[in-house]
Amino acid sequence: MSDSEEEKPEVELAEWVQIQKKTFTRWCNEQLKVKDLAIDDLSTGLKDGVNLVHLVGLLTQKPAKRYNKKPRMRVQMMENIGFALDILKEDGIKLVNIGREDICDGNMKLILGLIWTLILHYQISVDFAGDTDGKKDTTAKKELQNWATGLINSLPGGGKKVKNFTTDWNDGIALCTMVEAVAPGLCPEYSNLDPENALENVKLGFDRAEEGLGVAKIIEAEDMVNPLIDELSVLTYVSLLKSATPKIDIQKPDPLRVTIHGPGAETAYINTPTEFFVDYKNAGFGKLDIKILNDKGEAIPLEIWKKDTETKVQYTPTEPGKLKFNVLYNGVLVPNGDATVKVLAPSNANNVKLSGDGLTSGVVGKESEFVADVTDSGDGDLGVQIVGADGKIPAELEKIDDGDRKLVIVKYTPNKAGPTLITVKFNGDELPESPLHLEVVDPMRVRLHGPGVTVAYVNTP
């Protein structure tokens, strides 16, 4: 632990220790996952020595020749811890002020010191010529600091000068700049980030590093924006970036390959949530900016969910009119990114009123009609399907709008006698009384018979 950390007030010490504990735990688990092992809590996770034996074996590439796989007694646990510590000593690691009892008893301060020694020796020193022994134990750490600071401060347009590895990383800009510096094209929006959006920036940097470089999120985003983030946690993450290589082809961002689709990109209804999607799977890494403006030029509230290479956007218009989209990718307008969407009154099929003889009866060869009153049904289209004994019957729809009432006159001509079904929908929703059943008759097929047809007698029924 650094001198600056030891000088922190006690009230702050607890919080930064908790951050470091979480970070170091995740770092250990990244090493142990090849063994399908994991530590939940550093203070107890090394207690029986099994995880420590595996961790040390993986780092030194010198697995223990023997150890107690299922220790139950303290003496067995202590023996396992001793095996691990002996391997480290044989590998040139000088362990100061920590023994088997400290680890078995969960001495958090000493355990964190041990894990930092492992990180410094087996991860950071691998990339630098530093030595973790004695007075030279800060050499590799200092070289990592100098490398990272120089890389960030030299990137064109970065606008972020890093002087420390604590608070200078809170707004996420240094992180995103570092990701872009390590893998050009992976986080190209680094120079346009707003420091006020710290958590969003940090999540962006972590996501890009994980997606493009395979760097695990060993620090929680909420911890990175915390002013009490500790230096060793940040340096541990930075060292992962230093040794990472791109795991995907990083292409130059191409806003023209961004697509927008979904109902909310075409039509919207008052007080009705609607959504659309922005797909940038083939557009490379970039920053997506979405705004929707009303007729007054005001931005309306948006709910945004990002999943992989697609973003879902939901909004709820509160008044009629037109909405103007403004969708940018890396500052460039995407195809249909300036679309205009008309906001309509919400439709209600329940308010459509039907009337007319054409709903109850029909005659073959004779035009029938009925009327749909859609005045109180909001904006939308009426859909009618008529199926008779001989299949579908064409329907002609005529819209009439005199300002006070909105009517749709439906005309059709039955072609065969028999049961007929009329289905009526408004904006895709079926009316409550639909479908309607009626019987079509054919007068030409009516036959009269009986004595009264040919002759009749006076006063005789």
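Below or above, wherever it landed, is the structure these notes cover. Counting restarts for each chain, with residues numbered from 1 along the sequence as it is written. With the structure being a predicted model, the display of local features is reserved for residues of pLDDT at least 70 and the display and counting of side-chain atom pairs for 80 or more, all residues being used for whole-chain, interface and lining totals. The side-chain numbers reported here are obtained from all heavy atoms of the structure, hydrogens and water having been left aside.

## Description of the overall build of the protein chain
At step 1: In this text, helices come from DSSP runs of H or I with a minimum length of four residues, and strands from runs of E with a minimum of two, each type numbered from the N-terminal end. Counting its secondary structure elements, the protein chain contains 12 helices and 19 strands.
At step 2: Here the protein chain has a C-alpha radius of gyration of 37 Å; the compact-globule value for 461 residues is 23 Å, and the former is much larger.
At step 3: Each of the three principal axes of the protein chain carries a C-alpha extent, and together these read 135 × 55 × 40 Å.
At step 4: We call a residue buried when its accessible area falls under 20% of the maximum for its residue type, exposed when it is over 50%, and partly exposed in between, using a 1.4 Å probe and counting protein chains only. Residues classed as buried in the protein chain amount to 45% of the 461 residues present.
At step 5: The criterion used for residue contact is that any of the two residues' heavy atoms lie within 4.5 Å. Across the protein chain, contacts joining residues at least 24 apart in sequence account for 61% of those joining residues at least 6 apart.
At step 6: Split by element, the accessible area of the protein chain, about 24,500 Å² in all, is 49% carbon and sulfur.
At step 7: Side chains of the protein chain carry 53 positive and 70 negative charges; the gap between the two charge centres is 5 Å. The quantity called the radius of gyration is restricted to C-alpha atoms. Its globule counterpart is 2.2 Å times the number of residues to the power 0.38. Per-residue and other accessible areas were derived by the Shrake-Rupley procedure at a 1.4 Å probe size, with only the shown protein chains allowed to occlude residues. Charged-residue counts in this description rest on Lys and Arg as positive and Asp and Glu as negative, His and the chain ends being excluded. The atom standing in for a charge is NZ when the residue is Lys, CZ when it is Arg, CG when it is Asp and CD when it is Glu.

## Focus: the nonpolar core
At step 1: Residues belong to a common nonpolar core when they are buried Ala, Val, Leu, Ile, Met, Phe, Trp, Tyr or Cys residues joined through side-chain atoms within 4.5 Å. If you look at the biggest cluster of nonpolar residues, it comprises 81 residues, and the most contacted ones within it are Leu-42, Leu-88, Ile-115, Trp-169 and Tyr-237.
At step 2: Residue contributions to this core peak at 11 residues, all from helix α7 (residues 108-127).
At step 3: Discounting chain neighbours no more than four positions away, the residues touching Leu-88 are Val-56, Thr-60, Ile-93, Leu-95, Leu-114, Leu-118 and Tyr-122.

## Looking at helix α5 (residues 74-90)
Side chains three or four residues apart in an α-helix point the same way, a direct result of the helix having 3.6 residues per turn.
At step 1: By this rule, a helix spans an expected 1.5 Å times one less than how many residues it contains. With 17 residues, α5 should reach 24 Å at 1.5 Å per residue; the first-to-last C-alpha distance of 24 Å fits that figure.
At step 2: Among the structural elements, α4 (50-60), α6 (100-104) and α7 are those in contact with the buried residues of α5.
At step 3: Following α5 by one or two positions, Gly-92 adopts a phi angle in the positive range, close to 95°.

## Details of the environment of Asp-404
At step 1: With respect to the helices and strands, Asp-404 occurs in the loop between β15 (395-401) and β16 (406-412).
At step 2: For Asp-404 and Trp-147, which are 257 residues apart along the polypeptide, the C-alpha to C-alpha distance reads 75 Å.

## Overview of helix α12 (residues 231-243)
At step 1: Helix length check: α12, at 13 residues, gives a terminal C-alpha distance of 19 Å against a target of 18 Å (1.5 Å per residue), a fit within 8%.
At step 2: In terms of burial, α12 is largely enclosed, as 11 of its 13 residues are buried.
At step 3: For α12, every residue scored as buried is listed here: Glu-231, Leu-232, Ser-233, Val-234, Leu-235, Thr-236, Tyr-237, Val-238, Ser-239, Leu-240 and Leu-241.

## Thoughts on the sheet that holds strand β3 (residues 274-279)
At step 1: Each pair of strands is called paired provided DSSP finds at least two bridges between the two strands. In space, the four strands of this open sheet follow the order β1-β3-β6-β5, with antiparallel pairing throughout. The sheet is open, and its two borders are formed by β1 (259-261) and β5 (303-307), each paired with just one other strand. Across the sheet, the axes of successive neighbouring strands diverge by a mean angle of 20°, strand direction being ignored. Fitted lines through C-alpha atoms give the axes, limited to the stretch in contact for helices. The angle between two N-to-C directions lies from 0 to 180 degrees.

## A short note on the packing of aromatic side chains
At step 1: Side-chain rings of Phe, Tyr and Trp (the six-membered ring for Trp) are treated as a pair once their centres are within 6.5 Å; stacked means planes under 30 degrees apart, edge-to-face means over 60, and tilted covers the remaining angles. In this structure the tally under the stated criterion is seven aromatic pairs.
At step 2: Aromatic pair Phe-276 and Phe-325: ring centres 4.9 Å apart, planes at 40°, arrangement tilted. Of this pair, Phe-276 sits in strand β3 while Phe-325 sits in strand β7 (residues 321-329), placing them 49 residues apart in sequence.
At step 3: Residue Phe-276 is classed as buried on the basis of its relative accessible area of 0%.
At step 4: Among the residues examined, Phe-325 registers a relative accessible area of 2% and is labelled buried.
At step 5: Grouping aromatic residues by their ring pairs yields a cluster made of Phe-276, Tyr-315 and Phe-325.
At step 6: Here the guanidinium or amino end of Lys-242 rests over the ring plane of Trp-147, the centre of that ring lying 5.3 Å away.
At step 7: Only when the NZ atom of a Lys or the CZ atom of an Arg is both within 6 Å of the ring centre and within 35 degrees of the ring normal do we say a charge sits over the ring. Looking at Lys-312, its charged tip hangs above the ring of Trp-305, at a distance of 5.1 Å from the centre.

## As for the pairing of strand β9 (residues 340-344)
At step 1: Two elements, strand β2 (residues 267-269) and β9, share three bridges in a ladder whose sense is parallel. Its bridge partner being in β9, Thr-267 is matched across the sheet by Lys-342.
At step 2: Sheet topology places β7 next to β9; four bridges connect them, and they run antiparallel. Paired with Lys-322 across the bridge in β9 is Lys-342.

## Section: the environment of Gly-113
At step 1: Mapped onto the fold, Gly-113 is located in helix α7.
At step 2: Taking the relative accessible area as the measure of exposure, Gly-113 reaches 24% and is therefore partly exposed.
At step 3: Along the sequence, Gly-113 and Asn-97 sit 16 residues apart, while their C-alpha atoms lie 9.7 Å from each other.

## A short note on the pattern of salt bridges
At step 1: Any carboxyl oxygen of Asp or Glu that lies within 4 Å of a side-chain nitrogen of Lys or Arg is treated as forming a salt bridge with it. Tallying each qualifying case throughout the model produces 17 salt bridges.
At step 2: The salt bridge partner of Lys-22 is Glu-220, with a shortest N-O separation of 3.3 Å. Of this pair, Lys-22 sits in helix α2 (residues 10-32) while Glu-220 sits in the loop between α10 (198-213) and α11 (221-224); the two residues are 198 residues apart in sequence, bridging distant segments of the chain.
At step 3: Judged by relative accessible area, which is 26%, Glu-220 ranks as partly exposed.
At step 4: We note a salt bridge from Asp-373 to Arg-405, for which the minimum N-O separation is 3.0 Å. Taken as a pair, Asp-373 in strand β12 (residues 368-373) and Arg-405 in the loop between β15 and β16 lie far apart in primary sequence, 32 residues in all.
At step 5: Taking the relative accessible area as the measure of exposure, Asp-373 reaches 14% and is therefore buried.

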